[in-house]
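Examining the three-dimensional arrangement
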Amino acid sequence: MMQKRFFVVLFIALFSISAAAFAQEATPEATAEMTQPCPAGGSPDAVPAADALKVLTSFTTIADMARNVSCGLLDVQSITKPGTEIHGYEPTPSDLVKTQNANLVLYNGLGLERWFEKFMGSVQGVPSVNLTDGIELVPIAEGEYQDKPNPHAWMSPQNALIYTENIRKAFVALDPANEAAYTANSAAYSAEIQQIDEFLKTNLDQVPAEKRFLVSCEGAFSYLIRDYGMQELYMWPINADQTGTPKQVAKVINGVQDNQIPVVFCESTVNQGPMQEVANQTGAAYGGYLYVDSLTEADGEAPTYLKLLEFDATRIVNGLLGIQ
Ligand SMILES: [Zn+2]
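Residues numbered from 1 in each chain as written. Predicted model: local features only at pLDDT ≥ 70, side-chain atom pairs only at ≥ 80, totals over all residues.

1. Some thoughts on the pairing of strand 7 (residues 263-267)
For strand 7, the buried fraction is high: five of the five residues fall into the buried class. Burial of strand 7 is two-sided: the residues Val263, Phe265 and Glu267 facing one way and the residues Val264 and Cys266 facing the other way are all buried. Relative to strand 8 (residues 285-290), strand 7 runs parallel, the two sharing four bridges. By the bridge assignment for strand 8, Cys266 is matched with Tyr289. (Buried ≥ 20, exposed ≤ 12 C-beta atoms within 10 Å, placed from the backbone. Helix = DSSP H or I, 4+ residues; strand = E, 2+ residues; numbered from the N terminus. Pairing = 2+ DSSP bridges.)

As structure tokens, then:
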């Protein structure tokens, strides 16, 4: 009898805790109205016609953006696969064959793909378009690549609108007959990006300005920081061989303590041990991993760029507002 009562009490307690957590959790989906993707027909994951023009991208995030503008009219594929480290990728002979047979290549530029220039040097007569054309650059503040542009420009929704417009223009140049469709699709996609922009603005406004810190492993959030009035603290400026050294860990520990920062994060594609160490040493919460350089497979947490942005925006906002 006692045992049964214990389980009833336990059940009620667990139910109240999860209900409270559910009620408090802020997500862009909860605040956003649903936008219809692909208003001109098709869908981002529609199978294109066998004779569709072929578009290759250097990494998964921009492939997904491009599929949301193409909506199945073009055959869009990424050269690098989900979860791949993209800065120092080594292209394979089959990547080269695929690219030689493509009609268009989309890339990030800003030095993100350190392998790209040499790779495209071996490809003849295939046009390539730099999607960060027109973006206001943020330089890397320290290290081997100091003063070079930070390449992670897609990590701010406001820049993503520029990527989307560059994709639309590239598709219209490649396939002018479908201009109206690309323009309608990109407008709908941009509206979804703007909803995440709103979510970040509204929620980060609730965090006192001096507490609006984003602590990460790689300095991949410089554009987000700039666009939402935040400050950044990272272990290393850009993914390189020497990561999470004792000196880098000590720098972040000091910064977290000096500024009484409540939460720290680390990117999904790198070792999170050093940042967990920072959390242990400082008493800051470990807010978990963030997605930056690559999407996940379809059954993962960030299979699309909008899901990636939503995931990160939710984690950052909940971490800074102290919602677990
Ligand atoms: Zn990176």
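2. Focus on the nonpolar core
In terms of nonpolar packing, the biggest core is built from 86 residues, with Ala66, Leu106, Ile167, Val215 and Val264 touching the most fellow members. Ranked by residue count, the leading element in this core is helix 11 (residues 305-320), at nine residues. Two domains each provide a minimum of three residues to this core, namely domain 1 (54-198) and domain 2 (201-320). (Core = buried A, V, L, I, M, F, W, Y, C linked by C-beta atoms within 7 Å. Domains from an automatic or database assignment.)

3. Description of helix 11
A rise of 1.5 Å per residue sets the reference length of helix 11, with its 16 residues, at 22 Å; its end C-alpha atoms lie 22 Å apart and thus fit the reference within 8%. The first or second residue beyond helix 11 is Gly322, which carries a positive phi of 75 degrees. (Expected span 1.5 Å × (residues − 1).)

4. Some remarks on the sheet that holds strand 1 (residues 54-57)
Adjacent strands of a sheet pair through backbone hydrogen bonds, lying either parallel or antiparallel. With parallel pairing, the four strands of this open sheet are ordered in space as 2-1-3-4. Both outer strands of the open sheet, strand 2 (75-78) and strand 4 (128-130), are each paired with one neighbouring strand and no more. For this sheet, the mean inter-axis angle between neighbouring strands, taken without regard to orientation, is 25 degrees. Two strands pair when backbone bridges link them, and strand 1 and strand 2 are joined in this way by four bridges, in the parallel orientation. (Axes fitted to C-alpha atoms, helices over the stretch in contact; angles between N-to-C directions.)

5. Topic: the confidence of the model for the chain
Per-residue confidence for the chain averages 89 on the pLDDT scale, and 88% of its residues sit at or above 70. Residue range residues 6-23 is modelled with pLDDT below 50. Its contacts to residues more than four positions away, or to other chains, number one contact. (pLDDT = per-residue confidence, 0-100. Contact = placed C-beta atoms within 7 Å.)

6. Brief notes about the packing of helix 3 (residues 60-70) against helix 6 (residues 157-174)
The geometry of helix 3 relative to helix 6 is characterised by a closest axis approach of 10 Å and an angle of 60 degrees between their N-to-C directions. Comparing their axes, helix 6 and helix 3 come out oblique. When you trace helix 3 past helix 6, the crossing you get is right-handed. The residues of helix 6 that touch helix 3, namely those facing Ile62, Met65, Ala66, Val69 and Ser70, are Tyr163, Thr164, Ile167, Arg168 and Phe171. Among the residues forming the contact of helix 3 with helix 6, the class breakdown is seven nonpolar, two polar and one charged. (Parallel < 35°, antiparallel > 145°, perpendicular 65-115°, else oblique. Left-handed = near helix turned anticlockwise from the far one by under 90°. Nonpolar A, V, L, I, M, F, W, Y, C, P; charged D, E, K, R; others polar.)

7. Regarding the pairing of strand 6 (residues 231-236)
As paired elements, strand 5 (residues 213-218) and strand 6 share five bridges and run parallel to each other. Each residue of the ladder has a partner; that of Val215, found in strand 6, is Leu233. In this fold, strand 5 hands off to helix 8 (residues 222-227), which returns the chain to strand 6; that crossover is right-handed. (Right-handed = clockwise from strand over helix to strand, strands pointing away.)

8. Here's the deal with the environment of Leu320
Relative to the helices and strands, Leu320 is located in helix 11. Overall, the presence of 22 C-beta atoms within 10 Å leaves Leu320 in the buried class. Taking the C-alpha atoms as reference points, Leu320 and Lys211, separated by 109 residues in sequence, lie 7.8 Å from one another. Setting aside its immediate chain neighbours within four residues, Leu320 contacts Val207, Lys211, Arg212, Pro262 and Val263.

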